[in-house]
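# A look at the structure
Here's the letter readout for the chains.
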Amino acid sequence: MQLARKEEIFAKDGNKTYSLMAIVEGESLHVERGPENTVQTWPHLMVRELLLFLVVLLAILGVSLLFNAPLEEAANPLHSTNPAKAPWYFVGIQELVSYSAFLGGILVPAAIVVGLLLLPYLDRSPKGIGVWFSADRKLANTLFTVFVVAMVVLIFIGQFLRGPNWIIRWPW
Amino acid sequence: MNDATYSVKDAIKQLPTNIKQSFTRREAGTAEQEQAATVFGNLFLHLHPVRVHANALRPSYTMGLGLISFFLFLILVVSGILVMFYYTPSTELAYRNMKDLEFAVSFGIVLRNIHRWSAHAMVAMVFLHMCRVFYTGAYKAPREFNWVIGVCLLLVTLFLSFTGYLLPWDQLAFWAVTVGSNIASYMPWIGDKIRFLMLGGNEVGQMALLRFYVMHVALLPLVAVVLVGVHFWRIRKDGGLSRPTEE
Ligand code: HEM
């Protein structure tokens, strides 16, 4: 028990209403600082969480009352839709597949997944944690933005600009 | 202990207090102690620490995106269970079940809409949550592995959505999944085998519908629940949410 061993270092003070409960390794909320920068989880955090839940629920309810989920004719394996599109989140990949099946269907998706998995092990600099768009991370931010914009553009092209026979056309 | 102090009459008088205390595992204390007990005395709430850093509360920091993803997941579980009461994973019946939801079941169409729109929203919100984590550098040590769990969650979310896409068995579903599963077959050597495994055949048919259904209602949700549990546990173990270093 770590607690028992450390007890004499953090000797109990009869005048205090709090005591040391546990010692954990690493950077944690209470290490080397009192509870000054912290607030009670209940009510401060949890009330906000509950509020957010209500907002999400109301938003989904509102949308669901206004718009119906699509339902086309019953599936017919003999009669393909033209164009046949993947769900929107895969349409970017489908767009790439229309250029090259192997490149778009296998290489790029695999590279994205492997790249994402390795990211925290490749970028070891501790700079810029906890700050939006930190100036210390210009390169990383730029590269990631290029990735996000590329995904969005590909999905947009695939979803809105591709007509029958996968030919580019204006969406109107 | 004195036996005389225990009388049934007193027990009945104290019944409400005693039941309440045994249920909440709580005894009276100072306001602060009671607030703390609210969190750590509850199986579901004690994933939170009793106190959190003020930075975690800034809406402009997390934008609540991870939490929104989680709430959408909860809504999906509840609405999904309700939809299951009306759904049969059969090529003969699935589409008719959809029509019944629309025209015969009270509020069936709203139920289906909730499930559908939450699913789309969850894919988008999980992606945006990943962007937030990236742009705030929150994946850096000691949170590397939670990012890895996050990437797995992103994939599970995509597969959950994709397997659900087939279930209405309409033209949209059928051809989208045909296109999607064809992509897998472009893998060199094993592509066709993977596609066969996925569809339980060479084409999207009854076997594919059953496989997608089992994945969608049992396997993938289970994986998602476990991963979300580990994800949240790691947030605590990694020292709470990331925040700027203070001098
Ligand atoms: C089903 C999907 C997911 C759920 C329900 C989820 C939920 C959460 C929640 C509730 C938080 C607390 C902070 C916040 O609300 O932003 C969080 C933090 C975090 N998430 Fe996720 N997440 C998901 C997917 C992901 C993905 C795709 C990634 C990255 C690839 C990721 C990486 C992280 C990291 C690194 C943290 C810690 C952030 C920090 O310390 O500032 N998560 N997640």
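Residues numbered from 1 in each chain as written. Chains lettered and ligands numbered in written order. Predicted model: local features only at pLDDT ≥ 70, side-chain atom pairs only at ≥ 80, totals over all residues. Heavy atoms only, no water.

On to the overall build of chain A, then. The number of helices and strands found in chain A is five helices and one strand. Moving toward the C terminus, one meets the helices and strands of chain A in the order α-β-α-α-α-α. Burial analysis of chain A (172 residues in total) assigns 30% to the buried set. For chain A, restricting intrachain contacts to residue pairs at least 6 apart in sequence, the fraction spanning at least 24 positions comes to 45%. (Helix = DSSP H or I, 4+ residues; strand = E, 2+ residues; numbered from the N terminus. Buried < 20%, exposed > 50% of the residue type's maximum accessible area, 1.4 Å probe, protein only. Contact = heavy atoms within 4.5 Å.)

The next point concerns the overall build of chain B. A count of helices and strands for chain B gives eleven helices and one strand. For chain B, the α and β elements follow one another from N to C terminus as α-α-α-β-α-α-α-α-α-α-α-α. The C-alpha atoms of chain B give a radius of gyration of 24 Å, which is well past the 18 Å a tight globule of 247 residues would have. Oriented by its inertia axes, the alpha-carbon framework of chain B measures out at about 75 × 55 × 30 Å. Per-residue burial over chain B gives 49% buried out of 247 residues. Of all intrachain contacts in chain B linking residues separated by at least 6 positions in sequence, the fraction that spans at least 24 positions is 66%. For chain B, the exposed surface amounts to about 13100 Å²; the carbon and sulfur share of it is 69%. (Rg over C-alpha atoms; globule rule 2.2 N^0.38 Å. Areas by Shrake-Rupley, 256 points an atom, 1.4 Å probe, with all protein chains shown as cover.)

The next thing to look at is unusual backbone geometry. With an omega dihedral of 10°, the bond running from tryptophan 42 of chain A to proline 43 of chain A counts as a cis peptide bond. Here proline 43 of chain A shows up in helix α2 (residues 41-66). With omega at 5°, the peptide bond leading from alanine 141 of chain B into proline 142 of chain B counts as cis. With respect to the secondary-structure elements, proline 142 of chain B resides in the loop between α7 (108-135) and α8 (144-166). Positive phi is not limited to glycine here, since tryptophan 166 of chain A has a value of about 60°. Tracing the chain through its elements places tryptophan 166 of chain A in the segment after α5 (138-161). For tryptophan 166 of chain A, a relative accessible area of 17% gives the class buried. Backbone geometry at phenylalanine 107 of chain B places phi at a positive 60°, although glycine is not the residue there. Residue class for phenylalanine 107 of chain B comes out exposed when judged on its relative accessible area of 67%.

Once that is clear, we can look at the coordination of the iron atom of the ligand. Residue and element names in this part refer to chain B. Protein ligation of the iron atom of the ligand involves His129 (NE2) and His231 (NE2), the donor distances falling in the range 2.0 to 2.1 Å. Taking the relative accessible area as the measure of exposure, histidine 129 reaches 18% and is therefore buried. For histidine 231, a relative accessible area of 13% gives the class buried. (Donors = N, O, S within 2.8 Å, 3.2 Å for Na, K, Ca; no water.)

Residues and elements named next belong to chain B. Neighbouring the ligand are 25 residues; His129, Arg132, Gly150, His231 and Ser242 lie closest to it. At a separation of 3.1 Å, an oxygen atom of the ligand approaches a polar side-chain atom of arginine 143. At 2.8 Å from a nitrogen atom of the ligand is found a side-chain nitrogen or oxygen belonging to histidine 231. Listed by contribution, the elements that provide at least two residues to the shell around the ligand are α5 (65-84), α7, α8 and α11 (206-237). Of the residues forming the shell around the ligand, the biggest block, seven residues, is contributed by α8. In terms of residue class, the shell around the ligand is made up of 14 nonpolar, nine polar and two charged. (Near = heavy atom within 4 Å. Polar contact = N/O pair within 3.5 Å; in protein donor to acceptor, adjacent residues only side chain to side chain. Nonpolar A, V, L, I, M, F, W, Y, C, P; charged D, E, K, R; others polar.)

Moving on, we come to the side chain of histidine 231 of chain B. Relative to the assigned elements, histidine 231 of chain B resides in helix α11. Each residue touching histidine 231 of chain B, except ones within four places of it in the same chain, is listed here: His129, Asn146, Ile149, Gly150 and Leu153 of chain B.

Each aromatic ring pair is characterised by the separation of its centres together with the angle its planes make. Applying the stated rule across the entire model yields 19 aromatic pairs over all chains. Judged by centre distance (5.4 Å) and plane angle (65°), the ring pair of phenylalanine 90 of chain A and phenylalanine 162 of chain B falls under edge-to-face. Within this pair, whereas phenylalanine 90 of chain A is found in helix α3 (residues 88-99), its partner phenylalanine 162 of chain B is found in helix α8, the two belonging to separate chains. Seen in terms of ring centroids, phenylalanine 144 of chain A and phenylalanine 134 of chain B are 4.0 Å apart; in terms of plane orientation they differ by 10°. Their pairing is stacked. Taken together, the residues span two chains, with phenylalanine 144 of chain A in helix α5 and phenylalanine 134 of chain B in helix α7. The burial state of phenylalanine 144 of chain A is the same as that of phenylalanine 134 of chain B; both residues are buried. Here the aromatic residues Trp132, Phe133, Phe144 and Phe147 of chain A together with Phe134, Tyr135, Tyr139 and Trp147 of chain B are joined through ring pairs into a cluster of three or more. Of note, arginine 137 of chain A hangs over the ring of phenylalanine 134 of chain B, and the distance from its end group to the ring centre comes to 5.0 Å. (Phe/Tyr/Trp six-rings, centres within 6.5 Å; stacked < 30°, edge-to-face > 60°. Lys NZ or Arg CZ within 6 Å of the ring centre and 35° of its normal.)

In this section: α2 of chain A. If you check α2 of chain A, its first and last C-alpha atoms are 36 Å apart, about what 26 residues at 1.5 Å a residue would give, namely 38 Å. Regarding α2 of chain A, the residues found buried are Thr41, Leu45, Met46, Glu49, Val56, Ile60 and Ser64 of chain A. (Expected span 1.5 Å × (residues − 1).)

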